[in-house]
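If you want the building blocks of each chain, they are given just below.
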Amino acid sequence: MALVEFKDVTRIYKAGDNELRALDNVNLTLEEGKFIVILGPSGAGKSTLLNLLGGLDSPTSGKIAVDGNDISAFSDDALADYRALTVGFVFQFYNLIPTLTVFENVSLVKQISDNALDAKEMLTEVGLAEHLHKFPSELSGGEQQRVSIARALAKNPKILLCDEPTGALDSETGVLILKLLLSMTKNYGKTIVIVTHNQNIAKMADVVVRVKNGKISSYEEQENPCGADEIEW
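Residues numbered from 1 in each chain as written. Predicted model: local features only at pLDDT ≥ 70, side-chain atom pairs only at ≥ 80, totals over all residues. Heavy atoms only, no water.

Q: Before we go on, may I ask you to explain the pattern of salt bridges in this structure?
A: Opposite charge on two side chains makes pairing possible when the charged atoms of those side chains draw close. Per the stated rule, a full pass over the model turns up 7 salt bridges. As a salt-bridge pair, D24 and R21 come within 3.6 Å of each other at their nearest N and O atoms. A network of salt bridges, in which partner residues are shared, links R21, D24 and K215. (Salt bridge = Lys/Arg side-chain N within 4 Å of Asp/Glu carboxyl O.)

Q: Looking at this structure, how should I read the pairing of strand β7 (residues 159–163)?
A: Walk down a regular strand and you will see the side chains alternate between the two sheet faces. Within β7, 5 of the 5 residues are buried, leaving the element largely enclosed by the surrounding structure. Across the two faces of β7 the burial is the same, with I159, L161 and D163 and L160 and C162 all buried. In this structure, strand β6 (residues 87–91) lies alongside β7, joined through 5 bridges in parallel fashion. Directly across from V87, in β7, lies its bridge partner I159. (Buried < 20%, exposed > 50% of the residue type's maximum accessible area, 1.4 Å probe, protein only. Helix = DSSP H or I, 4+ residues; strand = E, 2+ residues; numbered from the N terminus. Pairing = 2+ DSSP bridges.)

Q: Would you mind showing me how to read the packing of aromatic side chains here?
A: Given two aromatic rings, one states the distance between the centres and the angle between the planes to describe the pair. Inspection of the entire model under this criterion finds 2 aromatic pairs. Centre to centre, the rings of F74 and Y82 are 6.4 Å apart; their planes meet at 75 degrees, and the pair counts as edge-to-face. Under the relative-accessibility criterion, F74 is labelled partly exposed at 27%. On the basis of an interplanar angle of 5 degrees and a centroid distance of 5.8 Å, the ring pair of F89 and F91 is categorised as stacked. What makes F91 partly exposed here is its relative accessible area of 29%. (Phe/Tyr/Trp six-rings, centres within 6.5 Å; stacked < 30°, edge-to-face > 60°.)

Q: Help me understand helix α6 (residues 171–188), please; the structure alone is not making it clear to me.
A: A turn of α-helix holds 3.6 residues, and therefore any two residues three or four places apart point the same way. For α6, built from 18 residues, the straight-helix expectation of 26 Å at 1.5 Å per residue is met to within 8% by its first-to-last C-alpha distance of 25 Å. Where α6 is concerned, the buried positions are T173, G174, V175, I177, L178, L180, L181, L182, S183, M184 and T185. Those residues of α6 that are buried are in contact with β3 (35–39), α4 (119–125), α5 (141–154), β7 and β8 (191–196). Two residues or fewer after α6 comes G189, characterised by a positive phi angle close to 70 degrees. (Expected span 1.5 Å × (residues − 1). Contact = heavy atoms within 4.5 Å.)

Q: Sorry, what's going on with the sheet that holds β7 here?
A: Within a sheet, each strand pairs with its neighbour through backbone hydrogen bonds, oriented either parallel or antiparallel. Ordered by their spatial adjacency, 6 strands build an open sheet running β6-β7-β8-β3-β9-β10, and the pairing between neighbours is mixed. Of all the strands in the sheet, the pair left with one neighbour each is β6 and β10 (215–221). Sheet twist, expressed as the average angle between the axes of neighbouring strands with direction ignored, equals 15 degrees. Across the sheet, helix α1 (residues 46–53) is in contact with β3, β6, β7, β8, β9 (207–212) and β10; its angle to β8 comes to roughly 150 degrees. (Axes fitted to C-alpha atoms, helices over the stretch in contact; angles between N-to-C directions.)

Q: Is there a simple way to explain α1 in this structure?
A: Of all 8 residues in α1, 6 are buried, a share of seventy percent or more. What α1 keeps buried is the set K46, T48, L49, L50, L52 and L53. Two residues or fewer after α1 comes G55, characterised by a positive phi angle close to 75 degrees.

Q: Could you clarify how one ought to interpret the layout of surface pockets in this entry?
A: Remark: the empty space left among the atoms is shown by a probe the size of a water molecule rolled over them. Roughly 280 Å³ of internal volume is contained in the largest pocket. Looking at the largest pocket, it is lined by 15 residues, and the ones nearest its centre are F89, V109, I112, R151 and K155. Of all the secondary structure elements, the ones that give two or more residues to the lining of the largest pocket are α2 (76–85), β6 and α5. Classifying every residue of the lining of the largest pocket gives 9 nonpolar, 3 polar and 3 charged. Of the pockets and cavities examined, the second largest pocket occupies roughly 160 Å³. Every residue lining the second largest pocket is counted, 13 residues in all, and those nearest its centre are G43, A44, G45, K46 and T48. Among the secondary structure elements, those contributing two or more residues to the lining of the second largest pocket are β2 (18–31) and α1. (1 Å grid on protein atoms, 1.4 Å probe; cavity = no way out; pocket = protein on both sides within 12 Å on 5 of 7 lines; lining within 4 Å. Points joined across faces, edges and corners; volume = space filled by probe spheres on them. Nonpolar A, V, L, I, M, F, W, Y, C, P; charged D, E, K, R; others polar.)

Read these as layout, nothing more, since geometry by itself doesn't imply function.
So, in structure tokens, the structure goes:
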């Protein structure tokens, strides 16, 4: 079932007399419950694509439909509701509040989502049950990333958007994070979209979308993706 549809989407950024066509007439369909990797070099347009899907930016032209709703036509208030209820975000940098405990950081989502999952349960799911009352500064980088994933999952989103989620991690921790994200698709039916320049991560994906110069250069469905333990770093 199609969950996301980009139809003739263009995003142009202007700086004085200069124009940057970050996305150029993109057409893309993504199905629900898939582990999707968007692959491309820096400046290819992949982060712009992710920001548009996440409602953090709006297209210059074209249409973006998510779950049958045209989010490109949403008002600012409707986009805020969309970001709160439909999508979760995991970034390379964890964006945790340093003065709150791990449990408090994750519990915050109850303020924006009526359908939020239990914070302790999500932290247990990511292997941090023994760290509920610690502060972010007391955790390793990989543990902080797992807190950010637990927070995103606690919102109970349909789509989890990840921008280089392993970029600042060592290989062992990176594999752990990728295993966790993969399990969210397999065990919870979440649609996971990862933006990365790491071609090895693409070997894990159900779908690989390659972006180059603001265009979709290829779309590939993989019948037998490998596990996180099998990729090379």
